[in-house]
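Here is what each chain is made of, one letter per residue.
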Amino acid sequence: MNEYFDDADLDFIGDILLDYGNDDSILDVTELDGFLTAIVSGPNTIMPSQWLPEVWGGKDKSPTWATEEEFTRFMKLVMEMMNSIASTLIEAPESFEALFHVNTATEQEVIVAEEWCFGYMRGVKLGRWPKLTDEAQTCLQAIALHGLEENFPVLKQLSLEEHQRTVANIEPAVRKLHQYWLAKRSHLAPTSRGHHTAAPTNVLPFVRKQPKIGPNETCPCGSGKKYKKCCGAH
């Protein structure tokens, strides 16, 4: 997670998701973290105008914000969260950590990965991931085991120790899936000599603030506001 994030930032995001959420929306920071991780890891760049409605459960369920400041802070933090995930997976994948819940109320600390994985699989569905190779599909199945209700009967048959071992497979699977799609998208990043790089570092699978967006153009986040009054203000 971005070093500039603190508990207050995450609490604010969580409160907004809960306050403005519904039965179809993302209601938890953990699920949002998984969702954004899949968005930046997939085969195609997905604009905020595409993924933001999914956060709220559909285009017709976007919230009515109490204040413009509330909306601006939420979008700023979520974009920073997304960029932090993407940057880590590209520049230091070995340090990537999913924002899992940790249950410390039990005698043994238990990592709860289901909500995070639900978010990830939600992002996979939105990104319409095409068919994977067998190795990549195995990685996706490690996440889907905890992220699809159809697999819950399998989880129920596992002991706690077995369950935690399957959880340990998730983060390595995330790293491999990100690298899998990044390599396939490398042809989009020609070098200055016109050749193609194998693993470009200058092409990121997430949307940064684009300099070509005019200050009076509609912000790509889907808010309907002018860019200079929305994400462009930061």
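Here, the structure is the one placed above.
Residues numbered from 1 in each chain as written. Predicted model: local features only at pLDDT ≥ 70, side-chain atom pairs only at ≥ 80, totals over all residues. Heavy atoms only, no water.

A short note on the packing of helix α2 (residues 29-41) against helix α5 (residues 114-127)
Convention followed: Between the N-to-C directions of two axes lies an angle of 0 to 180 degrees, each axis being a line fitted to C-alpha atoms and, for a helix, fitted only over the stretch in contact. Helix numbers and strand numbers start at the N terminus; a helix is a DSSP run of H or I with at least 4 residues, a strand a run of E with at least 2. Take the far helix as your reference; a near helix turned counterclockwise from it by less than a right angle gives a left-handed crossing, and one turned clockwise gives a right-handed crossing. Whether two residues are in contact is decided by their heavy atoms, any of which lying within 4.5 Å being enough. Polar here means any residue other than Ala, Val, Leu, Ile, Met, Phe, Trp, Tyr, Cys and Pro, which are nonpolar, and Asp, Glu, Lys and Arg, which are charged; Gly is therefore polar.
It is at 6 Å that the axes of α2 and α5 come closest, and there the two elements cross at 35°. Crossing hand, α2 versus α5: right-handed. The segment α2 lies against α5, with T30, E31, D33, G34, F35, T37, A38, I39 and S41 engaging E115, W116, G119, Y120, R122, G123, V124 and L126. In terms of residue class, the contact of α2 with α5 is built from seven nonpolar, six polar and four charged.

Details of the packing of aromatic side chains
As a reminder, the rule being used: Pairing of aromatic rings covers Phe, Tyr and Trp, the last counted by its six-membered ring, and requires centre-to-centre distances within 6.5 Å; plane angles under 30 degrees mean stacked, over 60 mean edge-to-face, and any other angle means tilted. To sit over a ring, a charge needs its Lys NZ or Arg CZ within 6 Å of the ring centre and within 35 degrees of the ring normal.
Overall, the coordinates contain eleven aromatic pairs when judged by the stated rule. A network of ring pairs unites the aromatic residues F100, W116, Y120, W129, Y180 and W181 as a single cluster. One residue, R73, lies across the ring of F12, its end atom 4.0 Å from the ring centre.

As for the pattern of salt bridges
To keep it simple, the criterion reads: Any carboxyl oxygen of Asp or Glu that lies within 4 Å of a side-chain nitrogen of Lys or Arg is treated as forming a salt bridge with it. For every residue, the accessible area obtained with a 1.4 Å probe (protein chains only) is divided by the maximum for its type, and the residue is called buried under 20%, exposed over 50%, and partly exposed between those limits.
Per the counting criterion, the structure on display carries five salt bridges. Note that R122 is salt-bridged to E54, the shortest N-O span being 2.8 Å. Placement of the pair is R122 in helix α5 and E54 in helix α3 (residues 48-55), with a sequence separation of 68 residues. For R122, a relative accessible area of 16% puts it in the buried group. Residue E54 is classed as partly exposed on the basis of its relative accessible area, which comes to 24%. A network of salt bridges, in which partner residues are shared, links E31, E54 and R122.

Regarding the nonpolar core
Here is the rule: Here, nonpolar core means buried Ala, Val, Leu, Ile, Met, Phe, Trp, Tyr and Cys residues that are tied together by side-chain atoms lying within 4.5 Å of each other.
Residues L32, W51, W116, Y120 and I143 are the most contacted members of the largest nonpolar core, which totals 54 residues. With eleven residues, helix α4 (residues 68-91) is the largest single contributor of residues to this core. When residues no more than four places from it in sequence are discounted, the contact partners of W51 are F35, L36, I39, I46, V78, M79, M82 and L126.

Examining the packing of α2 against α4
A pair of packed helices can be characterised by two numbers: the angle between their axes and the separation between those axes. Our working definition: For this classification, under 35 degrees means roughly parallel, over 145 means roughly antiparallel, 65 to 115 means roughly perpendicular, and everything else is oblique.
In contact at an axis separation of 9 Å, α2 and α4 are set at 55° when each is read in the N-to-C sense. When the axes of α2 and α4 are compared, the pair comes out oblique. The crossing of α2 and α4 is right-handed. Of α4, the residues touching α2 (which contributes V29, L32, D33, L36, T37, I39, V40 and S41) are V78, M81, M82, I85, A86 and L89. Grouping the amino acids of the contact of α2 with α4 by side-chain chemistry returns eleven nonpolar, two polar and one charged.

With respect to the side chain of Q164
For Q164, the location among the structural elements is in helix α8 (residues 160-168). On the basis of relative accessibility, which here comes to 15%, the residue Q164 falls in the buried class. If near-sequence neighbours (up to four positions away) are discounted, Q164 is found in contact with E109, V110 and I111.

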